[in-house]
Amino acid sequence: MTGAPTAIYLDHQATTPVDPRVLDAMLPWFSETFGNAHSTQHAWGQQAADATEAARERVAALIGAQAREIVFTSGATESNNLAIKGAVRFALRYGRGRHIVTVATEHKCVLEACAALAEEGARVSVVGVGPDGLVDVPALADAIDDDTVLVSVMAVNNEIGVVQPLAEIGALCRARGVLFHTDAAQAAGKIALDVEAMQVDLLSISGHKLYAPKGVGALYVRRRPRARLLAEISGGGQERGLRSGTLAVPLVVALGEACAIAHAETDREGARLLVLRTDLLERLRAAQPDLFLNGHGELRVPGNLNVGFPGIDAEALMADMPEVAVSTGSACTSALVEPSYVLRALGLDDERAGASIRIGLGRFTTREEIATAAEMISAAVNAQRAGGSARAAE
Amino acid sequence: MDTYLDHNATTPVRPEAAVAVADALARAGNPSSTHRFGRLTRRAVDDARETVADLVGAVPAGVVFTSGGTEANNWALRAFPGHVLVSAVEHDSVRGARTDAGRIPVDAEGVVVLDALADMLSEDVRLVSVMLANNETGVIQPIADIASIVHEHGALLHCDAVQAAGKIPLSMPELGADMLTLSAHKLGGPLGVGALVLRPGLDPEPLLRGGGQERRRRAGTENVPGIAGFGAAARIAAEHLPEAAQWAHLRDAIETQVRALCPDVRVHGADAARLPNTSCIGLPDLTGEFQVMSLDLAGVAVSAGSACSSGKIAPSHVLAAMGCDEDTARNAIRVSLGWTTTRDDVARFVEAWGRMASGQGRAQGERRSVA
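Rules used in this analysis
- Residues numbered from 1 in each chain as written.
- Chains lettered and ligands numbered in written order.
- Predicted model: local features only at pLDDT ≥ 70, side-chain atom pairs only at ≥ 80, totals over all residues.
- Helix = DSSP H or I, 4+ residues; strand = E, 2+ residues; numbered from the N terminus.
- Rg over C-alpha atoms; globule rule 2.2 N^0.38 Å.
- Buried ≥ 20, exposed ≤ 12 C-beta atoms within 10 Å, placed from the backbone.
- Contact = placed C-beta atoms within 7 Å.
- Axes fitted to C-alpha atoms, helices over the stretch in contact; angles between N-to-C directions.
- Left-handed = near helix turned anticlockwise from the far one by under 90°.
- pLDDT = per-residue confidence, 0-100.
- Pairing = 2+ DSSP bridges.
- Core = buried A, V, L, I, M, F, W, Y, C linked by C-beta atoms within 7 Å.
- Expected span 1.5 Å × (residues − 1).

Brief notes about the overall build of chain B
- Within chain B, the secondary structure is distributed over 15 helices and 12 strands.
- Over its C-alpha trace chain B gives a radius of gyration of 21 Å, about what one expects of a compact globule, namely 21 Å for 371 residues.
- Each principal axis of the C-alpha distribution contributes one length, and for chain B these read about 70 × 50 × 35 Å.
- Expressed as a percentage of the 371 residues in chain B, the buried residues total 62%.

Brief notes about the overall build of chain A
- Regarding its fold elements, chain A presents 13 helices and 12 strands.
- The C-alpha atoms of chain A give 22 Å as radius of gyration, which agrees with the globular expectation for 394 residues (21 Å, within 12%).
- The dimensions of chain A, computed from C-alpha atoms along their principal axes, are 65 × 55 × 35 Å.
- A burial count over chain A gives 60% of its 394 residues as buried.
- Residue pairs at least 24 apart in sequence account for 74% of intrachain contacts in chain A once pairs closer than 6 positions are excluded.

Section: the packing of helix 3 (residues 43-63) of chain A against helix 8 (residues 249-287) of chain A
Residue and element names in this part refer to chain A.
- The interhelical angle for the contact between helix 3 and helix 8, taken along N-to-C directions, is 30 degrees, at an axis separation of 8 Å. Once helix 3 is placed against helix 8, the crossing between them reads as left-handed. Residues A48, A51, T52, A54, A55, R58, V59, A61 and L62 of helix 3 form the contact with helix 8, whose participating residues are V249, V252, V253, L255, G256, C259, A260, A262 and H263.

Overview of the confidence of the model for chain A
- Averaged over every residue, the pLDDT of chain A is 93; the share at 70 or more is 95%.
- In the model, residues 390-394 of chain A has pLDDT below 50 throughout and makes eight contacts with residues more than four positions away in sequence or in other chains.

A few points about the sheet that holds strand 9 (residues 266-267) of chain B
All names here are of chain B.
- The strand order 9-10-12 describes an open sheet built from three strands, whose pairing is antiparallel. A single partner strand is all that each edge strand has here, and the edge strands are strand 9 and strand 12 (332-336).
- Bridge count between strand 10 (residues 278-282) and strand 12: five bridges; the pairing is antiparallel. The partner of C280 across the bridge, within strand 12, is R334.

Comments concerning the nonpolar core
- If you look at the biggest cluster of nonpolar residues, it comprises 254 residues, and the most contacted ones within it are A87 and L255 of chain A together with V197 of chain B.
- It is helix 8 of chain A that contributes the most residues to this core, 15 residues altogether.

As for the sheet that holds strand 12 (residues 356-360) of chain A
Residues and elements named next belong to chain A.
- The antiparallel open sheet is built from three strands, whose spatial order is 9-10-12. Two strands in the sheet have a free side with no partner beyond their single neighbour: strand 9 (292-293) and strand 12.
- Relative to strand 10 (residues 304-308), strand 9 runs antiparallel, the two sharing two bridges. Paired with L293 across the two strands is V307, which belongs to strand 10.

Focus: the environment of R14 of chain B
All names here are of chain B.
- Positionally, R14 belongs in the loop between strand 1 (3-4) and helix 1 (15-25).
- Owing to 25 C-beta atoms within 10 Å, R14 belongs among the buried residues under this scheme.
- The spatial distance from the C-alpha of R14 to the C-alpha of G282 is 31 Å, given a sequence separation of 268 residues.
- Filtering out sequence-adjacent residues up to four positions away, R14 remains in contact with G188, A233, I236 and W339.

Comments concerning the packing of helix 2 (residues 36-55) of chain B against helix 9 (residues 224-239) of chain B
Residues and elements named next belong to chain B.
- Running from amino to carboxyl end, helix 2 crosses helix 9 at an angle of 30 degrees, the nearest separation of the two axes being 8 Å. The handedness of the crossing between helix 2 and helix 9 comes out as left-handed. Between helix 2 and helix 9, the contacting residues are T41, A44, V45, D47, A48, T51, V52, D54 and L55 on the first element and V224, I227, A228, F230, G231, A234, R235, A237 and A238 on the second.

What to know about unusual backbone geometry
- With omega at -15 degrees, the peptide bond leading from R224 of chain A into P225 of chain A counts as cis.
- Mapping P225 of chain A onto the fold places it in the loop between strand 8 (217-221) and helix 8.
- Of note in this structure, E214 of chain B is not a glycine but carries a positive phi near 50 degrees.
- As for its placement among the helices and strands, E214 of chain B is situated in helix 8 (residues 213-216).

Description of the pairing of strand 7 (residues 202-206) of chain A
Residues and elements named next belong to chain A.
- Within strand 7, five of the five residues are buried, which leaves it mostly tucked inside the rest of the structure.
- The sheet contact formed by strand 7 and strand 8 spans five bridges and is antiparallel. Of the residues in strand 8, the one forming a bridge with L202 is V221.

With respect to the environment of S356 of chain A
Residue and element names in this part refer to chain A.
- Counting through the fold element by element, S356 comes out in strand 12.
- Counting along the chain gives 28 residues from S356 to T328, while the straight-line C-alpha distance between them is 6.6 Å.
- If we skip the residues at most four places from it in the chain, S356 touches N294, N306, V307, G308, A314, T328 and L343.

Looking at the environment of F65 of chain B
- Within the secondary structure, F65 of chain B is located in strand 2 (residues 63-66).
- Separated by 198 residues in the primary sequence, F65 of chain B and P263 of chain B have C-alpha atoms spaced 46 Å apart.

Re helix 5 (residues 108-119) of chain A
Residues and elements named next belong to chain A.
- In a regular helix each residue adds 1.5 Å, so 12 residues correspond to 16 Å; helix 5 covers 17 Å between its end C-alpha atoms and thus fits that length.
- In terms of burial, helix 5 is largely enclosed, as nine of its 12 residues are buried.
- Every buried residue of helix 5 is accounted for by K108, C109, V110, L111, E112, A113, C114, A116 and L117.
- Packed against the buried residues of helix 5 are helix 4 (76-93), strand 3 (99-103), strand 4 (123-127), strand 5 (148-152) and strand 6 (179-183).
- Two residues or fewer after helix 5 comes G121, characterised by a positive phi angle close to 110 degrees.

Points about the confidence of the model for chain B
Residue and element names in this part refer to chain B.
- Confidence in the prediction of chain B, expressed as mean pLDDT, is 92, and 94% of residues score 70 or more.
- Long-range and interchain partners of residues 361-371, a stretch whose pLDDT sits below 50, account for 14 contacts in this model, where long-range means more than four residues apart.
- Both scores are available for the predicted complex, with the pTM at 0.90 and the ipTM at 0.83.

Looking at the pairing of strand 12 of chain A
Residue and element names in this part refer to chain A.
- Here strand 12 lies mainly inside the structure; five of its five residues are buried.
- Of the two faces of strand 12, the one carrying S356, R358 and G360 and the one carrying I357 and I359 are both buried.
- In terms of strand pairing, strand 10 meets strand 12 through five bridges, oriented antiparallel. Pairing of V307 across the sheet is with I357, part of strand 12.

With respect to helix 2 of chain B
Residues and elements named next belong to chain B.
- Compared with an ideal rise of 1.5 Å per residue, which puts 20 residues at 28 Å, helix 2 spans 29 Å between its outermost C-alpha atoms and is within 8% of the ideal.
- Within helix 2 the residues assigned to the buried category are F37, G38, L40, T41, A44, V45, A48, R49, T51, V52, A53 and L55.
- Backbone geometry just after helix 2 places G57 at a positive phi near 65 degrees.

Next up, the structure:
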């Protein structure tokens, strides 16, 4: 098997293909104009520096921030690590508190960053979610105390796509005088984000979840009132000292282009995906009436569906339909056989969690693909229920 | 056609690497996903891991991909609690990662003083970091000797090989380093990717936490196009090492000619073993900043010190560590050659440099020959 697979790609929460427009914007920066953006004393470097600053403006515009509040990173994992460890280590060093509040359904890198801080003397409170996946805001408010430095709540969940009430949490955090970080890797370009309206202090973005390449991301760091961080990667002092390392100019340019496209197209694309997702859910339900939906029915991004089929082994289901790429749980933990901790947090038992798949629609998903995928998924469910997998029957 | 002689800051992507990047960009897929899209991208990452390992004589399992040399250096330096020693000429990403580190002195040529290192290796020293080749002077450190001393004292050795890899042959087992830092964009790969290469059995605490990527040693979705480009560049760089050795002839031609034009130039580290591509040329009475700008106006790109610190006007900490006074440390430029450099580039540099030097009323006797 060589070349690109011909299967239907419905795993856009794991990663998105690079938009051809993004590719066109970035490719010249690999060869024709290759300067180091920090070598601003010569023309090559100045050209690269100008391009990165233009990209910074475009990333900022997507979330209603100022360009100088954007720090480029290698991706959302690094952004989340920098935001959480950076803010809490700063507080620990200067005796300004040591408590973090986060949510049970956060991405692994948020939970792991908190775990690392716990080893350094921080205290971590993990708030639960309701059966619909939405954070329990009163419980969150109760968890904040005088020692709290930071609240970290993701904007959109990577498995079930539910949208958390950011503005409500932002207002709560501002009133209580604690920093609010949101992991917006799954939200940027899919829902409208405004760091002012939502009173967000720190916001993480991932390139490869919004049709830019892997290996680039950004962290928004509020300047007024200022969110203070300790850098995790030190050296040449790039990115205002918050993130040293030579800027990857082509990747940064690509992220800027991807943000500009998303900014212009979020509403239209969201409406299109909602039609497709509704169609997919209706087709699956018609064929499999006992299907259950994980996560809130409406407060979720239009490209996400997470459904279960009672009695089905989702891992075997995936193996039985190699022409449709979906996932169980998040990609980062796909190799693990244990059921999704996100679905468990919603109250699903192991059996129902293990019977669920995540279907991620994206910018290049077509109506025809949805119709075909619905048939294939349903056929695979039927085959498994008929005893033995579809593949074994061949 | 302009002349780019700042390859130590970043070097143009090799065409083969650009193709590998473009191919990977054309494919969707997260290497952690178990479906076919995921498996294909996983294979691209594993192939690159092998070629990068081959470039430095390491085992593929020891190669951990990062976002670049700076991250790899920060990881290596922060992973081990306990006292750390670093050479006085290390890159800022090593110096900045552990500001509490002891500084191992270098001699006037920029080479680590081995006796001083041995004296500084007290029992509480856990890690020593010495670069293989310096970014400003190209001076190569006797890493194998340093490794013996460090290991005799029970400490670990980290070696920043960012500037050396792809320019000189190198073998991690022969160097004896426990950890080795690499950067793709210094050897013809793309920006935004690098590696920390670990000797078998070494398991440092991760810097970035999250998903279980890179065998739980470095979280974050792998930069697949970048890694694929890194792999291709590592393969091409390994094949072209004999050609890289020839850069020394062009470099020597530059040094001979500027010395002839202006006898009081000083080439820093010239008497030490050096990379074939780097020349650190001091010209009395003209700051490096001024020289860089005046050469830029003539269409020639070089740098003053390292690219990261340009903008800052501080004198080079590398030259200061070599015993230069502040003026001397300010008055040097770095000329660095690479795979695109031609004899014409050398001629254009020498011509522009000569005009600059003579235009300031210097090298009077040479003025006619330059005009």
